[in-house]
Every structure is written in structure tokens, then in C-alpha cells.
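Chains, contacts and geometry: an overview
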Amino acid sequence: MVITSIQAEQRVLLQNISWELFESLLLELGENRSSRLAYYQRNLEIMTPLPEHENRNRLIDRLIIALIEELNIEYNPFGSMTIKRQKKGVAKEPDSCYYIQNEARVRGKTELDFTQDPPPDLAIEVDITSSSLNQFDIYADLGVPEIWRYDGENIKFYQLQNEEYIECDRSPTFQILTVTKVDEFLDRCQSLGVSTAVREFREWVRGQ
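Heads up: these notes are all about the structure in this document. Keep in mind that this is a model prediction, so the values were computed, not measured.

Thoughts on the environment of D121
Residue placement: D121 occurs in the loop between α3 (103-106) and β9 (122-126). Counting along the chain gives 20 residues from D121 to Q101, while the straight-line C-alpha distance between them is 6.6 Å. Of note is the side chain of D121, whose polar atom sits 2.9 Å from the backbone nitrogen of N102.

As C-alpha cells, this is what we get:
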């Protein structure tokens, strides 16, 4: 087993990790932790979020919840739960994830079996520092239909088509929402405060 650590990114990559060992580590680490795990082709990356990382994740989550509430859509948030498919040897803990189109299929469930249950409809990936693994390949193998990726400066939307992610200007789930509007919201949170920015955003949604 080879260990590579990049302190500035707060990421640790473990190579040659079997699925069985990965499952054991999941149990050992438990659920009450800040780190996020990604597993792909026997490589396991453990990422500990920086304050900026968590802040942007929370702000994007706040925008999504406000949007869903204003549009009167049912949803089910599952945070950074572990999404895994042993058959493909992949697993991922997104920064946030949501069931929207498939909300009814997981309603009332507290544990999911991804051999039967669908993956989340939308996942948020804050990637301010570069990952050692190709996150898009992992998400594609998991079958997550839509990803929002924030790189520290801008948000980008991606839709899964033919097992590849295609960048789009508008969210496939929320057609009124553009990447420009999300970036503007994040900027307004910094200049005006979160409550004011959310209130402005809600008013904008009502006007659409």
C-alpha cells in the first residue's frame, strides 16, 4: 500500500485498497466525521474540507433549498452519504446530494441499497483543490444524473448523457437557474450577508 499526502490540499490517497478493506475503513471511521471518501479502481482518497470548502457547500445548499421551497417541489436531502456500487468498485461521498425527481422512491427511507435504490438526482462537488481521482468517472459509474461543481471561483453544471458528463449553462433540474445566477448569489452572500442574499434570491425566483 502506497500513501501519498498533499498537506495543502488536505487530501490523502491510499492505493491498492481492496473493496473489503474499504468497507472495513468505512465502519471504522463511522458517520460522525468531517472527512469525505472517494473510491475508484482500488484507490481511496480521503479529503478533509477546508473552511472555505464547507462554507461554499453550505451556501450552495442554502440556495438549492430556497429554490426548491419557492418552486414547491418535494425533495429529500441526504448530505454527504456514501453512494457505492460494489459491482463497479466505486464509491463517493458528495458534499451534498438530493433526491428530487426520484424523491418518492426514497421517501421515508433512512438507509439506501444502491443495488435497488436510485442514486441521488443532484450532487454538489466543491473541488477547490484538485482531487487525485477523476470525480466525473466515479459519478458516471454511480449514475448520478446531475452534478454542480464549484472550483473556488465559479460554479458549473453537468448532465450525464451516454455515460459522460456534458457541461450546460442551465441546471437540467431547475431550468430557470443559470450558472451566472449561482455565481451572483455566492458573491452577494459575501458582500451583503447570507440572509439578505437568500431573501433577494427568493424574490428573484418568484419573479420568474
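So, the nonpolar core
In this structure, I64, W148 and L177 are the most contacted members of the largest nonpolar core, which totals 29 residues. Among the secondary structure elements, those contributing two or more residues to this core are α2 (51-71), β9, β10 (146-150), β11 (155-161), α5 (179-192) and α6 (194-206). The element contributing the most residues to this core is α2, with eight residues. Those residues in contact with L177 that lie beyond four places of it in its chain are L63, L67, W148, F157, D169, R170, S171, V182, F201 and W204. If you look at the next biggest cluster of nonpolar residues, it comprises 22 residues, including V106, L112, F114 and I147.

A short note on the pairing of strand β12 (residues 164-168)
Across a regular strand the side chains alternate sides, sitting on one face of the sheet and then on the other. Sheet topology note: the β11/β12 ladder contains five bridges and is antiparallel. Note on β12: the bridge partner recorded for Y158 is E167. Taken together, β11 and the strand that follows it, β12, pair antiparallel across an intervening segment of two residues, in which N162 is found at a positive phi of about 50 degrees.

Comments concerning the packing of aromatic side chains
Under the counting rule described, the total for this entry stands at 10 aromatic pairs. Aromatic side chains F136 and Y165 sit 5.7 Å apart centroid to centroid with 45 degrees between the ring planes, which places their arrangement in the tilted category. One end of the pair, F136, is in helix α4 (residues 135-142); the other, Y165, is in strand β12, with 29 residues separating them in the sequence. On the accessibility criterion, F136 (26% relative accessible area) is partly exposed.

Focus: α4
Turning to α4, its buried residues are Q135, I138, Y139, A140 and L142. Phi for G143, located one or two positions after α4, is positive at around 80 degrees.

What to know about the packing of α2 against α5
In the contact formed by α2 and α5, the axes pass within 11 Å of each other and the chain directions differ by 115 degrees. Taken as a pair, α2 and α5 cross one another with a handedness that is right-handed. Every residue of α5 that contacts α2 at N55, R56, L59, I60 and L63 is listed here: V182, F185, L186, C189 and Q190. Grouping the constituent residues of the contact of α2 with α5 by class yields seven nonpolar, two polar and one charged.

As for the packing of α2 against α6
At their nearest, the axes of α2 and α6 sit 10 Å apart, and the two run at 35 degrees to each other. By crossing handedness, the relation of α2 to α6 is classed as right-handed. Between α2 and α6, the residues in contact are L59, R62, L63, A66, L67, E69, E70 and L71 and V194, V198, F201, R202, V205 and R206, respectively. Class assignment of the residues belonging to the contact of α2 with α6 gives a composition of nine nonpolar, no polar and five charged.

A look at the side chain of R11
Locating R11 in the fold gives a position in strand β2 (residues 11-14). A polar atom in the side chain of R11 sits 3.0 Å from the side chain of E45.

A look at the pattern of salt bridges
Applying the stated criterion across every chain yields a total of 14 salt bridges. K109 is paired through a salt bridge with D117; the nearest N and O atoms lie 2.5 Å apart. Here R188 makes a salt bridge to E200, at a shortest N to O gap of 2.9 Å. In this pair, R188 sits in helix α5 while E200 sits in helix α6, placing the two residues 12 residues apart along the sequence. Note on E200: relative accessible area 31%, which makes it partly exposed. It is possible to trace a salt-bridge network through shared partners that takes in R11, E45, D127 and R149.

Conventions used here
Residues numbered from 1 in each chain as written. Predicted model: local features only at pLDDT ≥ 70, side-chain atom pairs only at ≥ 80, totals over all residues. Heavy atoms only, no water. Helix = DSSP H or I, 4+ residues; strand = E, 2+ residues; numbered from the N terminus. Polar contact = N/O pair within 3.5 Å; in protein donor to acceptor, adjacent residues only side chain to side chain. Core = buried A, V, L, I, M, F, W, Y, C linked by side-chain atoms within 4.5 Å. Buried < 20%, exposed > 50% of the residue type's maximum accessible area, 1.4 Å probe, protein only. Contact = heavy atoms within 4.5 Å. Pairing = 2+ DSSP bridges. Phe/Tyr/Trp six-rings, centres within 6.5 Å; stacked < 30°, edge-to-face > 60°. Axes fitted to C-alpha atoms, helices over the stretch in contact; angles between N-to-C directions. Left-handed = near helix turned anticlockwise from the far one by under 90°. Nonpolar A, V, L, I, M, F, W, Y, C, P; charged D, E, K, R; others polar. Salt bridge = Lys/Arg side-chain N within 4 Å of Asp/Glu carboxyl O.

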